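Descriptive structure summary
Spelled out from the first residue to the last, the chains are:
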Amino acid sequence: MRSLIFSAGALVAALGFIAFHQSRDPNLLQGGLTLGGGWIICGLFSLRSKWHGIVGAGALAFLGALRSLPSVTSVASGDPTARFNVLAGLICLVVLIAVVHALLAERRQRSIDKLKNGEDPGP
């Protein structure tokens, strides 16, 4: 999971640089560095506190996916920045799905462990 977070962060940051060089729009550079840097920080944070870093990366992925959602309709109109926003949104969706999958697997494993130990698994 950490490798996905680190690679997604580096990929989005690089995408921000590429988008800036092609369109000269500083907002794309700022967005790419903010989201990519945030994921790298979450990846570093997960080295000390695994689930806090992973949940933080999931929250950033959710916000990034929502932020790029309006760009989906702009791709057909020929907006040059929309391609980069949609690509960043797809990366966000991959990270978000992976985080949700990891959290559900951890919850399932903890419930199994509680059942094996004879404890009440709770809600």
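Our subject is the structure that appears above.
Here goes a summary of the coordinates provided. (Residues numbered from 1 in each chain as written. Predicted model: local features only at pLDDT ≥ 70, side-chain atom pairs only at ≥ 80, totals over all residues. Heavy atoms only, no water.)

Digging into helix α1 (residues 2–23)
The terminal C-alpha atoms of α1, which comprises 22 residues, lie 31 Å apart, in line with the 32 Å expected from a rise of 1.5 Å per residue. Those residues of α1 that fall on the buried side of the exposure criterion are Ile 5, Ala 8, Gly 9, Val 12, Ala 13, Leu 15, Gly 16 and Ala 19. For α1, the arc enclosing every buried residue in end-on projection is 155 degrees, short of the 170-degree limit, so these residues lie on one face. Opposite its buried face, α1 presents the exposed residues Ser 3, His 21 and Gln 22, each directed more than 90 degrees away. (Helix = DSSP H or I, 4+ residues; strand = E, 2+ residues; numbered from the N terminus. Expected span 1.5 Å × (residues − 1). Buried < 20%, exposed > 50% of the residue type's maximum accessible area, 1.4 Å probe, protein only. Arc of directions from axis to C-beta.)

Side note on the packing of aromatic side chains
Two aromatic rings, taken as a pair, are described by how far apart their centres are and by the angle between their planes. For the coordinates displayed, the defined rule picks out 0 aromatic pairs. In this arrangement the basic side chain of Arg 24 is found over the ring face of Phe 20, its NZ or CZ atom lying 5.6 Å from the centre. (Phe/Tyr/Trp six-rings, centres within 6.5 Å; stacked < 30°, edge-to-face > 60°. Lys NZ or Arg CZ within 6 Å of the ring centre and 35° of its normal.)

Looking at unusual backbone geometry
Unlike most non-glycine residues, Arg 24 shows phi in positive territory, near 60 degrees. Examined against the element boundaries, Arg 24 turns out to sit in the loop between α1 and α2 (26–45).

Comments concerning the packing of α2 against helix α4 (residues 80–116)
Relative to each other, α2 and α4 sit at 10 degrees, their axes nearing to 11 Å. Relative to α4, α2 is oriented roughly parallel. For the pair formed by α2 and α4, the contact residues are Leu 28, Leu 35 and Trp 39 on the first element and Thr 81, Phe 84, Asn 85, Ile 91, Cys 92 and Val 95 on the second. Split by residue class, the contact of α2 with α4 holds 7 nonpolar, 2 polar and no charged. (Axes fitted to C-alpha atoms, helices over the stretch in contact; angles between N-to-C directions. Parallel < 35°, antiparallel > 145°, perpendicular 65-115°, else oblique. Contact = heavy atoms within 4.5 Å. Nonpolar A, V, L, I, M, F, W, Y, C, P; charged D, E, K, R; others polar.)

Considerations on the pattern of salt bridges
In this structure the tally under the stated criterion is 1 salt bridge. Arg 110 is the partner of Glu 106 in a salt bridge, and the nearest nitrogen-oxygen pair spans 2.8 Å. Of this pair, Glu 106 and Arg 110 both sit in helix α4, 4 residues apart, which is roughly one turn of the helix. Exposure remark for Arg 110: the relative accessible area of 49% places this residue in the partly exposed category. (Salt bridge = Lys/Arg side-chain N within 4 Å of Asp/Glu carboxyl O.)

Details of a nonpolar patch on the surface
On the surface, Phe 62, Leu 63, Leu 66, Leu 69 and Val 72 cluster together to form a nonpolar patch covering roughly 490 Å² of accessible area. Looking at where Val 72 falls in the secondary structure, it is placed in the loop between α3 (50–68) and α4. (Patch = residues over 30% accessible without salt bridge, like charges linked within 9 Å, V, L, I, M, F, W, Y side chains within 5 Å. Areas by Shrake-Rupley, 256 points an atom, 1.4 Å probe, with all protein chains shown as cover.)

Concerning the packing of α1 against α4
Contact geometry of α1 with α4 gives a least axis separation of 10 Å together with a crossing angle of 175 degrees. Judged on the interaxial angle alone, α4 and α1 are roughly antiparallel. Contacts from Leu 4, Ala 8, Leu 11, Val 12, Leu 15, Ile 18, Ala 19, Gln 22 and Ser 23 of α1 reach α4 at Thr 81, Arg 83, Phe 84, Leu 87, Ala 88, Ile 91, Val 94, Val 95 and Ala 98. Among the residues making up the contact of α1 with α4, the classes are represented as 14 nonpolar, 3 polar and 1 charged.

No statement about biological role is implied by the geometric values presented.
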